Amino acid sequence: MTSTALPAATRTRAALRSVGHYLEMVVAMMVGMVALAPLWSLAWPGLADHPDLETLTMALDMTVAMGGWMRFRGHAWGHIARMCVAMNLGFALVLPAYWAGSLSAGAMEGLGHGLMLVLMALAMVPVPFRRTS
């Protein structure tokens, strides 16, 4: 039986590359929030009075910027879509609790962002596959 384990140095390089890519996505998301938020304020006066809608537009801004950066870096559309779903899933999970009155606006936003970061990291974990013979 042959070993398929990668050398430690290779695993370390791969991990560092993944961390670097993750940080690039987070920076792109922050740039998207800062750059696009003023456009929403102009296009939708009173948006700040609706924390759920404001949070959704913020998530959209982050998604557009992160997806654009990933495409610029040469990622396939499937990988971009998977990461976009992962980053928005956290908000999809907490918004119903906010609408039901179980979460404050701050808690909804904070939990959504926290889940976003965790789910994005999980989406980056390689999934082993089985070959069928």
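Scroll up to find the structure.
Residues numbered from 1 in each chain as written. Predicted model: local features only at pLDDT ≥ 70, side-chain atom pairs only at ≥ 80, totals over all residues. Heavy atoms only, no water.

Draft legend 1. Inspection of the overall build of the protein chain at higher detail. Along the protein chain, the regular secondary structure elements total 4 helices and 0 strands. For the protein chain, the sequential pattern of α-helices and β-strands runs α-α-α-α. Over its C-alpha trace the protein chain gives a radius of gyration of 18 Å, far above what one expects of a compact globule, namely 14 Å for 133 residues. Counting only C-alpha atoms and orienting by the principal axes, one finds that the protein chain spans roughly 65 × 35 × 30 Å. Looking at the protein chain as a whole, 29% of its 133 residues are labelled buried. Considering only residue pairs separated by 6 or more positions, the protein chain has 65% of its internal contacts joining residues 24 or more positions apart. For the protein chain, the exposed surface amounts to about 8,800 Å²; the carbon and sulfur share of it is 70%. When the 8 basic and 6 acidic side-chain charges of the protein chain are each reduced to a single mean position, those positions are 32 Å apart. (Helix = DSSP H or I, 4+ residues; strand = E, 2+ residues; numbered from the N terminus. Rg over C-alpha atoms; globule rule 2.2 N^0.38 Å. Buried < 20%, exposed > 50% of the residue type's maximum accessible area, 1.4 Å probe, protein only. Contact = heavy atoms within 4.5 Å. Areas by Shrake-Rupley, 256 points an atom, 1.4 Å probe, with all protein chains shown as cover. Lys, Arg positive; Asp, Glu negative; His and termini not counted. Charge placed at Lys NZ, Arg CZ, Asp CG, Glu CD.)

Draft legend 2. Looking closely at the environment of R71. By the secondary structure assignment, R71 is in helix α2 (residues 51-72). If sequence neighbours within four positions are ignored, R71 has contacts with A76, W77 and I80.

Draft legend 3. A look at the environment of W69. Positionally, W69 belongs in helix α2. Put simply, W69 and A37 are 32 residues apart on the chain and 18 Å apart in space, counted from C-alpha to C-alpha. In contact with W69, not counting residues within four places along its chain, are E24 and A28.

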